[in-house]
Amino acid sequence: MTREDLLHLATAFRDAAADDLAQVQQVADIHWATFRAHERLDNLEAQLFEGLAVKVDCKAGCAACCHLAKIDARAHEIFALAAWITEHFSAEERAALVERTKAHAEAVAGLTLSQHLRTVRACPMLRDSKCSVHPARPGVCRIGHSTDVSTCQRAYENPDDLTARGGHNPDLKASMTAAADGSTFAFIEAGMDRTTYDLSSALHEALSSTEPMHRWLEGGQAFSDSAKAKQEHQREG
Ligand code: SF4
């Protein structure tokens, strides 16, 4: 996979998302554009699995990667996910998820990047070892795949050893990342929040109040500073 290939892929995904965003008239249309971007990623993954003859070792019920607590996402993905949850979860399921995301947010708020990367903690959306929001999960959860489940197990059992991660096809991961970045760029170019957030901390805010949505629609930072993804400069601490 050459640099030009990746640039071409990112541009194609940027252009496709920009075309969708050009049709937006209301908030639901932004969610639609987000889900369309997710769908294109899924289609790309299926093509790459076949084209690169990738041996995928992911299995239903294996959720090791959903315990590696640092899952980052953008505001448009988080609001689309929140809307999907409100539509598909019962009131009780939604309330329980709000409590789990609250506990997650409180647990990770004070962590440095280094500590967060080494934290093993079930994603609040994980239920019975399955993703309860699978159709609406963010791009980062669509990029992940494993060619060797023993690598995932090693990372899960040795959270302090960050070198234990990485059982993936490098061409596939680079292509999926370029495509996802291309889609994200279209949302940023359309004037939307460019901040990277901790998925579950920001989701807690999205499910708990309408204020983040108002800030987002006004072009501001949707979620609080404590919901921001840990950054490189926080590694030492
Ligand atoms: S959103 Fe779903 S796929 Fe992503 S980490 Fe959480 S449980 Fe796993």
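Quick notes on the rules
- Residues numbered from 1 in each chain as written.
- Predicted model: local features only at pLDDT ≥ 70, side-chain atom pairs only at ≥ 80, totals over all residues.
- Helix = DSSP H or I, 4+ residues; strand = E, 2+ residues; numbered from the N terminus.
- Rg over C-alpha atoms; globule rule 2.2 N^0.38 Å.
- Buried ≥ 20, exposed ≤ 12 C-beta atoms within 10 Å, placed from the backbone.
- Contact = placed C-beta atoms within 7 Å.
- Near = placed C-beta within 6 Å.
- Nonpolar A, V, L, I, M, F, W, Y, C, P; charged D, E, K, R; others polar.
- Axes fitted to C-alpha atoms, helices over the stretch in contact; angles between N-to-C directions.
- Parallel < 35°, antiparallel > 145°, perpendicular 65-115°, else oblique.
- Left-handed = near helix turned anticlockwise from the far one by under 90°.

A.B. asks: Looking at this model, I keep getting lost on the overall build of the chain. Mind explaining?
C.D. replies: What the chain contains, in helices and strands, is 10 helices and four strands. When the elements of the chain are put in sequence order from the N terminus, they spell out α-α-β-α-α-α-β-β-α-α-α-β-α-α. Computed over the C-alpha atoms, the radius of gyration of the chain is 17 Å, within 12% of the 18 Å expected from 2.2 N^0.38 for a compact globule of 237 residues. Judged by the C-alpha coordinates and their principal axes, the chain covers about 45 × 40 × 40 Å. The burial tally for the chain puts 33% of its 237 residues in the buried class. Contacts spanning at least 24 positions in sequence make up 79% of the contacts within the chain whose residues lie at least 6 apart.

A.B. asks: I'm lost on unusual backbone geometry in this one. Help?
C.D. replies: In terms of backbone geometry, most residues other than glycine have negative phi values and most peptide bonds are trans. Unusually for a residue other than glycine, Asp128 sits at a positive phi of about 50°. As for its placement among the helices and strands, Asp128 is situated in the loop between β2 (126–127) and β3 (130–131). With a phi close to 60°, Ser129 is a non-glycine residue in the positive phi region. Turning to its location among the elements, Ser129 is positioned in the loop between β2 and β3.

A.B. asks: Quick question: what am I supposed to make of the site of the ligand here?
C.D. replies: Around the ligand, a shell composed of Cys66, Ile71, Cys123, Met125, Leu126, Cys131, Val133, Arg137 and Cys141 is seen. Tallied by class, the residues present in the shell around the ligand amount to eight nonpolar, no polar and one charged.

A.B. asks: Can you help me understand the packing of helix α1 (residues 3–21) against helix α2 (residues 27–51) in this one?
C.D. replies: If you want to describe how two helices pack, look at the angle between their axes and the distance between the axes. Contact pair α1 / α2: the axes reach a minimum separation of 9 Å and the direction vectors enclose 155°. By the criterion of interaxial angle, the relationship of α1 to α2 is roughly antiparallel. Note on packing geometry: the crossing formed by α1 with α2 is right-handed. In this structure, α1 contributes Phe13, Ala16, Ala17, Asp20 and Leu21 to the contact, and α2 contributes Ala33, Arg36, Ala37 and Arg40. For the contact of α1 with α2, the residue count by class is six nonpolar, no polar and three charged.

A.B. asks: What's the story with the environment of Val133 in this structure? I'm lost.
C.D. replies: In this fold, Val133 is placed in the loop between β3 and α6 (139–143). A tally of 21 C-beta atoms within 10 Å means that Val133 is categorised as buried. Considered as a pair, Val133 and Thr101 are 32 residues apart in the sequence and their alpha carbons are 13 Å apart.

A.B. asks: I tried to follow the environment of Met1 on my own but got confused; where do I start?
C.D. replies: Mapped onto the elements of the fold, Met1 is located in the segment before α1. Overall, the presence of 15 C-beta atoms within 10 Å leaves Met1 in the partly exposed class. In this view, Met1 contacts Leu6, Asp171, Ala174 and Ser175; residues no more than four positions away in its chain are not counted.

A.B. asks: Explain the packing of helix α4 (residues 91–108) against helix α9 (residues 199–208) here, please?
C.D. replies: Two elements in contact, α4 and α9, have axes separated by 8 Å at closest approach and are oriented at 135°. Judged by the angle between their axes, α4 and α9 are oblique. The handedness of the crossing between α4 and α9 comes out as left-handed. Packed against α4, whose contacting residues are Arg94, Leu97, Val98, Thr101, Lys102, His104, Ala105 and Val108, the element α9 presents Ser200, Ser201, Leu203, His204, Leu207 and Ser208 at the interface. For the contact of α4 with α9, a count of residues per class yields six nonpolar, six polar and two charged.

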